[in-house]
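# Tertiary structure, described
Residues per chain are reported as follows:
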Amino acid sequence: MSYASETKNELARIEPEKKCCQLAEIAGFMRFAGSVGLAGGGKFRMVMTTPNLAVVRHIKKLIKNYFDVETEITVGANETKALKGAKANEYIIRIGPEHNSEMILREMGILMVKEGFNTLSDGIYDGLIKTKCCRKAYLRGAFLAAGKINDPRNSYHYEISASTETQAKDLRRLVNTFVDITARIVERKNGYGVYLKAREQIADTLAIMGASKQYFDYQEVIMQKEMISVAKKAEQLDLVNMDKAIRAAERQISDIKKIQQTRGLDYLSAKLREVALARLDNPDLGIEELGKVLSPPLSKSGVNNRLRRIGEIAKGL
């Protein structure tokens, strides 16, 4: 099961207690999963499609609880009259005139009156999203309808598809009402996408929609990836430091041998000669470890000072 399906399954188990939130979630789903057409006699019908059975059951229950309407559900493969664009494995939810479709569409803010005539709106009806809880519910419904989210172990991407630019802009405006969330719009082949790429914003959006388990799973993956990244950086830093230490030791040995071949090590003071001999005997030791083999042991800075002095002497020869 995909990460997006797991997320939708969790969201489909949420039952809004407030009527306003029930309405907002239904409206979000209808707006982004449905299409409105004429049913004859000037009446309207709403058709919604989704491949997720848990989502179908959830939306059917919400519609029943709020509107007291039993919706008609069929499967694309069993359609006697194929629905344009419906896939064989998609569930089709219909709300027709017999289900008071016109009343439902008006309450959703989808069917409006303009200059005395019925007209279909294209965006999100502001009356449905006045409160924060309703905006959360509407976003949840929109994601259940047309949302996708990548598994964070692979990449960070959250998106809700919209059929028109107006829908996309209204949804972006809704998403961006939440603190520290900045959604963007991209034009796709068959419409538009409202998306997030920042991992923290995606995690926060999961929490906003109410997907608590997915939120904590997402955060755990982020933390694990950060730990791996830190470990890799530390390993790379260790390798860099090791390379630097090896090059420094090679340079120090070269300086000591130069002095040895030209003047002899007795040319050095007793303290410098002790460090020079220790370096020749221990070419692989780091500065700190080299200081420990001296008698008495010498600090890292002390060893560095003496090796630097040896280097200056070698340079002057």
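So, a few notes on the structure that sits alongside this text. (Residues numbered from 1 in each chain as written. Predicted model: local features only at pLDDT ≥ 70, side-chain atom pairs only at ≥ 80, totals over all residues. Heavy atoms only, no water.)

### Side note on helix α1 (residues 3-11)
Taking burial as the measure, the nine residues of α1 include seven buried ones, the bulk of the element. Tyr3, Ala4, Thr7, Lys8, Asn9, Glu10 and Leu11 are the residues of α1 that are buried. Residues of α1 that are buried in the fold lie against α3 (53-67), α5 (132-146), β7 (147-149), α7 (199-209) and α8 (212-262). (Buried < 20%, exposed > 50% of the residue type's maximum accessible area, 1.4 Å probe, protein only. Helix = DSSP H or I, 4+ residues; strand = E, 2+ residues; numbered from the N terminus. Contact = heavy atoms within 4.5 Å.)

### Points about the sheet that holds strand β1 (residues 34-40)
In space, the four strands of this open sheet follow the order β1-β2-β4-β3, with antiparallel pairing throughout. Looking at the sheet topology across the chains shown, the edges are occupied by β1 and β3 (72-75). Across the sheet, the mean angle separating the axes of adjacent strands is 25 degrees when strand polarity is ignored. For strand β2 (residues 43-50) and strand β4 (residues 91-95), the ladder comprises five bridges, and the chain directions are antiparallel. Across the sheet, Thr50 pairs through a bridge with Tyr91, a residue of β4. Across the sheet, α3 lies against β2, β3 and β4, angled at about 15 degrees from β4, the strand it touches most. (Pairing = 2+ DSSP bridges. Axes fitted to C-alpha atoms, helices over the stretch in contact; angles between N-to-C directions.)

### Let's talk about the pattern of salt bridges
Two side chains of opposite charge can pair, provided their charged atoms sit close to one another. For the structure on display, the rule yields 16 salt bridges. Salt-bridge contacts for Glu102 lead to Arg106; the nearest nitrogen and oxygen are separated by 3.1 Å. With Glu102 and Arg106 both in helix α4 (residues 101-107), this residue pair falls four residues apart, about one helical turn. A salt bridge links Arg199 to Glu226; its shortest N-O distance comes to 2.5 Å. Taken together, the positions of Arg199 in helix α7 and Glu226 in helix α8 put the pair 27 residues apart, joining distant regions of the chain. Judged by its relative accessible area of 35%, Glu226 is partly exposed. (Salt bridge = Lys/Arg side-chain N within 4 Å of Asp/Glu carboxyl O.)

### Digging into empty space enclosed by the protein
If you roll a probe as big as a water molecule over the atoms, it shows you where there is empty space left. Under the criterion given, the structure shown has one cavity of 30 Å³ or more. Looking at the largest cavity, its volume works out to about 30 Å³. Forming the walls of the largest cavity are Ala27, Arg31, Met108, Ile110, Gly123, Ile124, Tyr125, Leu128 and Tyr138. Across the lining of the largest cavity, the residue classes tally to seven nonpolar, one polar and one charged. (1 Å grid on protein atoms, 1.4 Å probe; cavity = no way out; pocket = protein on both sides within 12 Å on 5 of 7 lines; lining within 4 Å. Points joined across faces, edges and corners; volume = space filled by probe spheres on them. Nonpolar A, V, L, I, M, F, W, Y, C, P; charged D, E, K, R; others polar.)

### Quick notes on the packing of aromatic side chains
Summed over the entire model, instances satisfying the criterion amount to five aromatic pairs. Considering the side-chain rings of Tyr66 and Phe67, the 4.7 Å spacing of their centres and the 75 degrees angle between planes classify their relative orientation as edge-to-face. Its relative accessible area of 23% is what places Tyr66 among the partly exposed residues. Seen in terms of ring centroids, Tyr215 and Phe216 are 5.1 Å apart; in terms of plane orientation they differ by 70 degrees. Their pairing is edge-to-face. Linked through ring pairs, Tyr3, Tyr156 and Tyr218 together constitute an aromatic cluster. Here the guanidinium or amino end of Arg135 rests over the ring plane of Phe178, the centre of that ring lying 6.0 Å away. (Phe/Tyr/Trp six-rings, centres within 6.5 Å; stacked < 30°, edge-to-face > 60°. Lys NZ or Arg CZ within 6 Å of the ring centre and 35° of its normal.)

### A word on α8
The end-to-end C-alpha separation of α8 is 75 Å, in line with the 75 Å expected for 51 residues at 1.5 Å each. Buried residues along α8 sit in contact with α1, β7, α7, α9 (270-281), α10 (287-292) and α11 (300-316). Residue Gly264 follows α8 closely and has a positive phi angle near 90 degrees. (Expected span 1.5 Å × (residues − 1).)

### Notes on the sheet that holds strand β10 (residues 191-196)
Pairing within the open sheet is antiparallel, and its four strands lie in the order β7-β8-β10-β9. Each edge of the sheet is formed by a strand with only one pairing partner; in this case those strands are β7 and β9 (184-188). Geometrically, the sheet is characterised by an average inter-axis angle of 25 degrees between neighbouring strands, direction not taken into account. As judged from the five bridges shared by strand β8 (residues 158-162) and β10, these two strands associate in the antiparallel manner. Counted as the bridge partner of Glu159 is Tyr195 from β10. In the packing of helix α6 (residues 165-175) onto the sheet, contacts are made with β8, β9 and β10, and the angle to β10 comes to roughly 15 degrees.

### Description of the packing of α8 against α9
Contact pair α8 / α9: the axes reach a minimum separation of 10 Å and the direction vectors enclose 120 degrees. For the element pair α8 / α9, the angle class is oblique. When the axes of α8 and α9 are compared, the crossing they make is left-handed. For the pair α8 and α9, contact is made by Ala249, Gln252, Ile253, Ile256, Lys257 and Gln260 and by Ala276, Arg279 and Leu280, respectively. Its residues placed into classes, the contact of α8 with α9 shows five nonpolar, two polar and two charged. (Parallel < 35°, antiparallel > 145°, perpendicular 65-115°, else oblique. Left-handed = near helix turned anticlockwise from the far one by under 90°.)

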